[in-house]
Amino acid sequence: MVAAATPPGINPGDTAWMLIATALVLMMTPALGLFYAGLVRAKNVLNTFMMSIGALGVVAVTWAVVGYSIAFGGHGPLIGGFKNAFLSGVGFGPRAGTAIPHLLFFAFEATFCIITAALISGAVVERMRYGTFLIFMVVWSIVVYAVLAHWVWGGGWLAQHGTLDFAGGVPVEMASGFSALAAALAVGPRKDYGRQALLPHNAVYVLLGAGLLWFGWFGFNGGSGYTIGNPGVLAFTNTLLAPACTLVVWFLLDLRRGGHVTAVGAATAIVVGCVGITPACGYISPIWAMVLGGLAALPSYAIVVWRTRTRVDETLDVLAAHGLAGLTGILFIGFAAQKSWNGVSDGLLYGNLHQLGWQAMAALVVPAYAFGATFGLLKLMGLFLPLRVSERVESLGLDTQQHGEEAYASAEGAILVTTESLGAEQEARLPVAVPVQP
Amino acid sequence: MKLVIGITRPEKANDVLESLFRAEVRGLSISRVQGHGGELERVETYRGTTVKMELSEKARFEIAVSDEFVEPTIEALCEGARTGEVGDGKIFVVPLDQVVRIRTGETDHGAVTPVHA
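Residues numbered from 1 in each chain as written. Chains lettered and ligands numbered in written order. Predicted model: local features only at pLDDT ≥ 70, side-chain atom pairs only at ≥ 80, totals over all residues. Heavy atoms only, no water.

### A short note on the interface of chain B and chain A
Here is step 1: Between chain B and chain A, the residue contacts involve 19 residues of the former and 21 residues of the latter.
Here is step 2: Taken over both partners, the interface formed by chain B and chain A buries close to 1800 Å², and the fraction arising from carbon and sulfur atoms is 50%.
Here is step 3: For chain B, the biggest contributors to the area lost against chain A are Glu11(B), Lys52(B) and Glu54(B); these three give 29% of the whole.
Here is step 4: Across the chain B-chain A interface, the total number found is three salt bridges.
Here is step 5: One salt bridge connects Arg195(A) with Glu18(B), and the closest N-O pair in it is separated by 3.5 Å.
Here is step 6: The tally of links between chain B and chain A comes to seven residue pairs in polar contact (both at pLDDT 80 or more).
Here is step 7: Of all the elements in the fold, those that place two or more residues in the side of chain B that touches chain A are helix H1 (13-22), strand E3 (42-46) and strand E4 (49-53) of chain B.
Here is step 8: Considered class by class, the residues forming the side of chain B that touches chain A number five nonpolar, six polar and eight charged. (Contact = heavy atoms within 4.5 Å. Buried area = accessible area lost by both parts, 1.4 Å probe. Salt bridge = Lys/Arg side-chain N within 4 Å of Asp/Glu carboxyl O. Polar contact = N/O pair within 3.5 Å; in protein donor to acceptor, adjacent residues only side chain to side chain. Helix = DSSP H or I, 4+ residues; strand = E, 2+ residues; numbered from the N terminus. Nonpolar A, V, L, I, M, F, W, Y, C, P; charged D, E, K, R; others polar.)

### Concerning the environment of Ile30(B)
Here is step 1: In this structure, Ile30(B) sits in strand E2 (residues 29-35).
Here is step 2: For the pair Ile30(B) and Gly6(B), spaced 24 residues apart in sequence, the C-alpha to C-alpha distance is 9.4 Å.

### A closer look at a nonpolar patch on the surface
Here is step 1: A cluster of nonpolar side chains, Val248(A), Phe251(A), Leu252(A), Leu255(A) and Val261(A), forms an exposed patch at the surface whose accessible area comes to about 430 Å².
Here is step 2: Within the fold, Val248(A) resides in helix H8 (residues 230-258). (Patch = residues over 30% accessible without salt bridge, like charges linked within 9 Å, V, L, I, M, F, W, Y side chains within 5 Å. Areas by Shrake-Rupley, 256 points an atom, 1.4 Å probe, with all protein chains shown as cover.)

### What to know about the sheet that holds strand E5 (residues 56-65) of chain B
All names here are of chain B.
Here is step 1: Pairing is antiparallel in the open sheet, where four strands are placed in the order E2-E5-E1-E6. The strands lining the two open edges of the sheet, one partner per strand, are E2 and strand E6 (89-95). Pairs of neighbouring strands in the sheet enclose a mean axial angle of 20 degrees, with direction left out of account.
Here is step 2: Both E2 and E5 contribute to a ladder of seven bridges, which runs antiparallel. Within the sheet, the bridge partner assigned to Gln34 lies in E5 and is Glu57.
Here is step 3: Across the sheet, H1 lies against strand E1 (2-8), E2 and E5, angled at about 15 degrees from E5, the strand it touches most. (Pairing = 2+ DSSP bridges. Axes fitted to C-alpha atoms, helices over the stretch in contact; angles between N-to-C directions.)

### A few points about the packing of aromatic side chains
Residues and elements named next belong to chain A.
Here is step 1: According to the stated counting rule, one finds 24 aromatic pairs over all chains in the structure shown.
Here is step 2: Centroid distance Phe112 to Trp153: 6.1 Å. Interplanar angle 80 degrees. Geometry classified as edge-to-face. Residue Phe112 is located in helix H3 (residues 102-119), and its partner Trp153 is located in the loop between helix H4 (130-152) and helix H5 (157-161); the two are separated by 41 residues in the primary sequence. Of the two residues, Phe112 and Trp153, neither departs from the other in class, the shared state being buried.
Here is step 3: Seen from their ring centres, Trp151 and Trp157 are 5.5 Å apart, and the 65 degrees between their planes marks the pair as edge-to-face.
Here is step 4: On the basis of relative accessible area, Trp157 is assigned to the buried category, the value being 17%.
Here is step 5: Taken together, the ring pairs in this structure connect Trp63, Tyr68, Phe72, Phe105, Phe106, Phe108, Phe112, Tyr145, Trp153, Trp217, Phe220 and Tyr226 into an aromatic cluster. (Phe/Tyr/Trp six-rings, centres within 6.5 Å; stacked < 30°, edge-to-face > 60°. Buried < 20%, exposed > 50% of the residue type's maximum accessible area, 1.4 Å probe, protein only.)

### Some points on the sheet that holds E3(B)
Here is step 1: The strand order across the open sheet built from three strands is E1(A)-E4(B)-E3(B), with neighbouring strands paired in antiparallel fashion. Edge positions in the sheet fall to strand E1 (414-417) of chain A together with E3 of chain B, since each has one partner strand and no second. Neighbour-to-neighbour, the strand axes of this sheet turn through a mean angle of 35 degrees, independent of strand direction.
Here is step 2: In this sheet, E4(B) lies alongside E1(A) in antiparallel orientation, the contact comprising four bridges. Pairing of Ile415(A) across the sheet is with Lys52(B), part of E4(B).

### As for the pattern of salt bridges
Here is step 1: Counting across every chain of the model gives 20 salt bridges over all chains.
Here is step 2: With its nearest N and O atoms 2.4 Å apart, the salt bridge here joins Glu126(A) to Arg190(A). Highlighted residues: Glu126(A) in the loop between H3 and H4 and Arg190(A) in the loop between helix H6 (169-187) and helix H7 (203-222), separated in sequence by 64 residues.
Here is step 3: For Arg190(A), a relative accessible area of 7% gives the class buried.
Here is step 4: We note a salt bridge from Arg60(B) to Glu62(B), for which the minimum N-O separation is 3.4 Å.
Here is step 5: With relative accessibility at 25%, the residue Arg60(B) sits in the partly exposed group.

### Regarding the domain arrangement of chain A
All names here are of chain A.
Here is step 1: The domain architecture assigned to chain A consists of domain 1 (12-382) and domain 2 (392-428).
Here is step 2: Here the C-alpha centre of domain 2 lies 38 Å away from the C-alpha centre of domain 1.
Here is step 3: Taken together, the 16 residues of domain 1 in the interface contact twelve residues of domain 2.
Here is step 4: Taken together, both faces of the contact between domain 1 and domain 2 bury some 1200 Å²; the carbon and sulfur share is 51%.
Here is step 5: When the area that domain 1 buries against domain 2 is broken down by residue, the three leading residues are Lys43, Leu46 and Lys191, summing to 44%.
Here is step 6: Our count for the contact surface shared by domain 1 and domain 2 stands at 13 residue pairs in polar contact (both at pLDDT 80 or more).
Here is step 7: Per element, the largest residue contribution to the side of domain 1 that touches domain 2 is four residues, and it comes from helix H2 (residues 45-72).
Here is step 8: Across the side of domain 1 that touches domain 2, the residue classes break down as seven nonpolar, three polar and six charged. (Domains from an automatic or database assignment.)

If you want it as structure tokens, here you go:
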């Protein structure tokens with residue numbers, strides 16, 4: 001028997017785990033699509049789901065072409081570089097700072113960029129034009145995601161000053177949340193917003209989507225240490241504990257406010273908890289993770305309740321669930337980071353004020369950059385492309401109008417169009433027998 | 001007494017409800033139906049299968065009213081449901097023999113007059 005050759009510097013255990021973690025994170029994008037699809041009206045389910053599926057295509061391609069290189073291809077303070085464009089130089093050898101192949105590191109990071117772009121769709125569902133949204137995701141993944149990922153992970157200025165972000169509080173959660181707010185303002189509210197009750201059409205999808213997101217998040221957080229060693233194990237376990245605490249606190253808040261524990265609330269709480277622990281999962285003790293989980297519920301819950309009373313139709317509350325929970329997690333590191341657990345740095349509670357300072361810097365600058373860049377980008381795109389569908393299409397629903405499909409087609413009264421019958425178009429018109437079940 | 005049946009676009013159902021309430025017509029039933037009234041078919045494609053959807057989704061309002069409410073009801077239906085395009089729907093007005101309110105046993109005029117609880 002010949003042992004499989006492992007290139008020097010590669011750890012087989014780490015590599016095996018990261019292969020699985022990458023697949024787990026990729027699954028989170030369709031899970032997000034399901035979560036969002038349940039929250040919209042039945043006539044817009046496919047369009048909403050397809051915004052996430054679209055990211056799997058266009059954002060992955062963009063990442064391979066240039067996004068990865070801007071984020072990880074160099075050590076400039078603001079952007080990486082172009083040396084890894086078109087996967088140039090990305091091979092089987094180890095990625096610096098890890099014991100996994102560079103190619104696998106690329107794939108793992110790609111799945112993060114994909115879901116982050118898809119997250120923003122939550123702000124603009126039920127009225128944004130599909131093609132325009134795809135183009136937006138392509139540009140956004142370069143000018144916002146890749147840039148922010150470089151700042152904190154690729155050797156940019158935040159990383160150089162010691163800002164800690166284990167799994168994506170900066171480029172994923174704060175970036176998507178504050179970009180979502182900008183997108184909602186730039187695209188404008190749905191025409192019926194504030195006039196009619198616009199309700200989730202299937203809370204079961206929402207719960208299942210949230211459950212699958214949590215499952216995938218074990219790869220998202222657990223994989224962000226790039227190792228099966230202590231950081232990976234700590235992040236993995238904290239991803240179990242923190243959202244559980246968020247759920248319990250959310251139940252109590254729901255109960256106090258409306259007298260019921262709600263399903264859509266529970267699904268939201270799972271996401272908020274996972275987001276809150278994301279930046280901090282590899283840096284704080286399990287007990288502090290539980291505290292963070294409970295704490296993260298409060299600002300997000302307050303914004304969810306407050307936002308619906310405004311004219312801001314940030315439809316699926318990406319700002320509350322991701323932007324704010326991510327910000328809470330980033331700041332919490334500054335207080336509760338513990339060198340005895342993470343081997344990197346202490347927070348304020350363990351005598352290191354410097355750490356809190358640089359966490360706060362990230363919590364100020366990143367939301368401002370994400371909001372400003374996204375708002376500018378959409379306003380600029382709006383000069384050349386229609387951002388929204390017409391009011392008529394909005395009424396009829398985007399599924400039939402933008403995709404020519406229905407999620408819940410009954411097929412009653414559907415007449416097959418084949419190449420032969422195209423000639424007999426006239427005969428196929430009503431009134432002829434409509435195929436109806438006897 | 002008449003039974004007013006209004007077939008409208010589902011996306012206009014909320015507007016119809018608003019204008020009915022404005023006309024103080026408060027007792028009604030609504031259901032989702034499928035029908036065909038001469039509008040253009042929609043073409044949908046599922047992988048290789050292309051189909052023409054000959055039936056479109058409609059909302060069906062059923063409103064039992066006393067005689068003096070027939071015209072206001074029709075006006076409200078038209079006002080709420082009209083877009084000017086083919087497919088806005090139809091209104092049928094049919095005579096009613098008898099109406100009974102189950103809770104009280106009231107009949108006819110009393111039974112079609114909503115209770116202001």
